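So you can see what is in the structure, the chains are spelled out below.
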Amino acid sequence: MDVLVYDKTFEGFLSAVFYVYEYKLADAHICKEAPGTVMFGRTIQIDTDEAKAKRVLAGLSKKLSHEGLQAIYHAYLADTLQEEDTMLAYIRHALASDHNIEKDYSNFAVLRMQRVDCMVHRERHRMKAFIRFKLTKDNIFYDGIEPDFNVIPLIREHFEKRYADQQWIIYDLRRGFGIYYDLQKVETITITFSEESQGADSILWMDQNEGLYQTLWQQYFKSTNIASRKNMKLHIRHVPKRYWKHLTEKALM
Amino acid sequence: MDKIQAKLEILADAAKYDVSCSSSGSTRKNKGKGLGDTGSGICHTYTEDGRCVSLLKILMSNICIYDCAYCVTRRSNDIRRTSFSVQEVVDLTINFYRRNYIEGLFLSSGIMKNADYTMERMVLIAKKLRTEHNFNGYIHLKSIPGASADLMHAAGLYADRLSMNIEMPTNEGLKLLAPDKKREDMIVPIRQITNEITQYQDERKVLKKVPTFVPAGQSTQVIVGATGESDRDIMKVASAFYSKFKMKRVYYSGYVPISNDNRLPALGSQVPLLRENRLYQADWLQRFYGFSTDELLPESVPFFDAEIDPKLSWALRNMSIFPLDINTADKSLLLRVPGIGLNSIHKILSGRKFGKLTWDHLKKMGIAMNRARHFITCAGLSEPTKDLTEMQIKGMILAGSSGKFLLNQTQLNIF
Ligand code: SF4
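Peer 1: I keep staring at the side chain of Asp-231 of chain B and nothing clicks. Help me out?
Peer 2: Residues and elements named next belong to chain B. One can find Asp-231 in helix H7 (residues 231-244). A relative accessible area of 3% means that Asp-231 is categorised as buried. The contacts of Asp-231, once residues within four sequence positions are left out, are Arg-275, Leu-279, Leu-297, Pro-302, Phe-303 and Phe-304.

Peer 1: Explanation requested: the domain arrangement of chain A in the structure shown.
Peer 2: Think of interface size as the accessible area that goes away when the parts come together; that is how it is often given. Residues and elements named next belong to chain A. On domain assignment, one finds that chain A holds domain 1 (2-123) and domain 2 (131-251). Using C-alpha coordinates to define each centre, domain 1 is positioned 33 Å away from domain 2. Between domain 1 and domain 2, the contact holds 10 residues from the first and 10 residues from the second. Counting each side, the surface lost to burial between domain 1 and domain 2 is near 850 Å², with a carbon and sulfur contribution of 62%. Considering only the side of domain 1, the residues that lose the most area to domain 2 are Leu-77, Thr-80 and Glu-123, jointly responsible for 61% of the buried surface there. Here domain 1 is connected to domain 2 by one salt bridge. Of the charged contacts, one joins Asp-79 and Arg-175 as a salt bridge, the two residues approaching to 2.7 Å between their closest N and O atoms.

Peer 1: I keep staring at the environment of Met-112 of chain B and nothing clicks. Help me out?
Peer 2: All names here are of chain B. As for its position among the elements, Met-112 is in the loop between strand S4 (104-108) and helix H3 (115-132). Expressed as a C-alpha distance, the spacing of Met-112 and Ile-321, which sit 209 residues apart in the sequence, is 57 Å. The contacts of Met-112, once residues within four sequence positions are left out, are Met-60, Ser-61, Ile-63, Ser-83, Tyr-117 and Thr-118.

Peer 1: I keep staring at the nonpolar core and nothing clicks. Help me out?
Peer 2: As a rule of thumb, soluble globular proteins bury nonpolar side chains together. Membership of the largest hydrophobic core comes to 195 residues, with the highest contact counts inside it found for Phe-13, Ile-72, Trp-168 and Ile-170 of chain A together with Ile-58, Phe-96 and Tyr-252 of chain B. Sorting elements by how many residues they give to this core places helix H5 (residues 108-130) of chain A first, with 10 residues. Contact partners of Tyr-252 of chain B, with chain neighbours within four places excluded, come to Val-19, Val-222, Val-224, Ile-234, Met-235, Ala-238, Glu-276, Leu-279, Tyr-280 and Asp-283 of chain B. Residues Ile-140, Tyr-142, Tyr-171 and Tyr-180 of chain A belong to the second largest nonpolar core, which totals six residues.

Peer 1: Help me understand the sheet that holds strand S1 (residues 2-5) of chain A, please; the structure alone is not making it clear to me.
Peer 2: Where strands meet in a sheet, backbone hydrogen bonds hold them as pairs that are either parallel or antiparallel. Residues and elements named next belong to chain A. Read from one edge to the other, the open sheet built from three strands follows the order S2-S1-S3, with strand pairing classed as parallel. Two strands bound the open sheet, and with one partner strand each, they are strand S2 (28-31) and strand S3 (42-45). On average, adjacent strands in this sheet sit at an angle of 25° to one another, irrespective of strand direction. Two strands pair when backbone bridges link them, and S1 and S3 are joined in this way by four bridges, in the parallel orientation. Within the sheet, the bridge partner assigned to Leu-4 lies in S3 and is Ile-44. Together, S1, S2 and S3 form the strand contacts of helix H1 (residues 10-22), whose direction differs from that of S2 by roughly 170°.

Peer 1: Hey, could you run me through the packing of aromatic side chains in this one?
Peer 2: Here a ring pair, both rings aromatic, is described through the centre-centre distance and the interplanar angle of the planes. In this structure the tally under the stated criterion is 26 aromatic pairs over all chains. For the pair Phe-133 of chain A and Tyr-163 of chain A, a centre-to-centre distance of 5.6 Å together with 90° between the ring planes defines the contact as edge-to-face. A residue pair is termed long-range when its members are at least 10 positions apart, and Phe-133 of chain A in the loop between H5 and strand S4 (134-135) and Tyr-163 of chain A in the loop between helix H6 (152-162) and strand S6 (167-172) qualify at 30 residues. Taken as a pair, Phe-133 of chain A and Tyr-163 of chain A share a single burial class, namely buried. An aromatic cluster is defined as three or more aromatic residues linked by ring pairs; in this entry it consists of Phe-133, Phe-141, Phe-159, Tyr-163, Trp-168 and Tyr-181 of chain A together with Tyr-97 and Phe-135 of chain B. Positioned above the aromatic ring of Trp-244 of chain A, the side-chain terminus of Lys-250 of chain A is 4.1 Å from the ring centre. Looking at Arg-336 of chain B, its charged tip hangs above the ring of Trp-314 of chain B, at a distance of 4.8 Å from the centre.

Definitions and limits used
- Residues numbered from 1 in each chain as written.
- Chains lettered and ligands numbered in written order.
- Predicted model: local features only at pLDDT ≥ 70, side-chain atom pairs only at ≥ 80, totals over all residues.
- Heavy atoms only, no water.
- Helix = DSSP H or I, 4+ residues; strand = E, 2+ residues; numbered from the N terminus.
- Buried < 20%, exposed > 50% of the residue type's maximum accessible area, 1.4 Å probe, protein only.
- Contact = heavy atoms within 4.5 Å.
- Domains from an automatic or database assignment.
- Buried area = accessible area lost by both parts, 1.4 Å probe.
- Salt bridge = Lys/Arg side-chain N within 4 Å of Asp/Glu carboxyl O.
- Core = buried A, V, L, I, M, F, W, Y, C linked by side-chain atoms within 4.5 Å.
- Pairing = 2+ DSSP bridges.
- Axes fitted to C-alpha atoms, helices over the stretch in contact; angles between N-to-C directions.
- Phe/Tyr/Trp six-rings, centres within 6.5 Å; stacked < 30°, edge-to-face > 60°.
- Lys NZ or Arg CZ within 6 Å of the ring centre and 35° of its normal.

Quick look at the structure:
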């Protein structure tokens, strides 16, 4: 067994796939971090190589549609799931086959990839829903999030189209980067939070009317509920507790 | 600040009985770096009762000249009355939208002074949002019964959706509980909008410049369990609204007891949530699975079974067409198998082109096998026992799914 360790970039992953084919490895595992000990076999550090990554993509695009390629990218963005082995199995199946395998639900890698794609899609959808901008003194609408997967690349376009006439920042606190729209274009940024700013949501940052609208939103959330139909199980299924921290309406009043 | 919060408390509370919160079905683009777009139909949060919050759903005013018995806003009810100004609604909508709280506005109102006075202010709010703020988010206006044709037309130019809640499924129910309201006052504007939508669509085919007109169509709501109608009565009315007026959606709202009026279920009686849920399931089956009202509720069966969903009820009444071979059965028949949904059918149809599907595949596709197994055959699954009776199958399925019933489970798919 060979364990291939890549640098967490998509190109790195594709370079690892290239390596698998270059050295015809039959039993390879790809992961982001070297495991403590490998009992039987070697650990190989993969050098990210854009040219090799491109060649893998070019090869795949002969076998897969745009959606099929996207499924691989989405599985990569599901960074916390460690689906590299599924991705590799999917790629092997695709390259070995003389027809398109994306709908081959009799193959377990295809089924799993479909499931992962669903999960990423759901997280992306959640973040479109759960962003709660706060207006800062600098007239920028800011929100810090901690999504399960790395979905900022997938929601960027949605927010760019929708909020075209206001400046905004969406920041992934878990992964330490964000995107900033300055009324012209969207850029990737990193922020160094100072001690006093208390992470992200401090009132020190906020516009003077921000508190009012938060209060009004909390009021609305309360008033639009029908108490005699209360169904917390359903509520929590839709708004899982791990997201509450960043939801204005679920924050303690 | 306190004043606006107090108004919001009252006017959101009074609007919450309207169950519609859909914000999809329209594809308004963000033009010239304005604010917002539609098309994603996002639920931004869910209330503690598990309902989607997608729009700022408020009344413009809870002052009303009518006295509909089932409504908290009715004239004779002793409650605090208040109204938002046009500007207040505009500011709330814009500020909520900019913070990504909502997809847009769902505005209805009690009838102040008269229908046109009220409707005119509502249209003004929509107009200001569109023209002064370049707002391209979703706007749903609930039309006022009896509003003039001119105002209805103007509303159609600014709104994504218009609704008119019929509330009482039958004319008798309406006469009994909403004596001020005339069915005609509701039907005439609905018909006008239906016709105008068609007209605009036809014109758009020829001329690209024709403005959009109620792009997300019309909807209505019926109250369930306030008067004595059967499920079949309600489904029949709903079907008529779908076919005659090309409604996009009919909503079913379990009556929430709000008064001691002896024409209505008493305060403290249960909201008929299960019944409401069955109606949504049946509505869904009619729109996407090819079932008709007469199949789901034949004359001899005026109410849905409380224990099992309408699809399973139908299947148990029609055992002669089962079991179906999962690897060969026609799509229209697969649609009728309990436990198999649209997504799974899509996977079955694609998957079986590549090879024979087995029990293992079906399970991985997320099919509810404890239901489906009685109605299908495939490799790895023993043939369903032919001589089980309808009651035995029902018993087995119920035993295997005890406690799994989740209220509003169909609504999840809908919103
Ligand atoms: S007209 Fe509308 S707001 Fe007024 S009482 Fe009847 S249902 Fe309620």
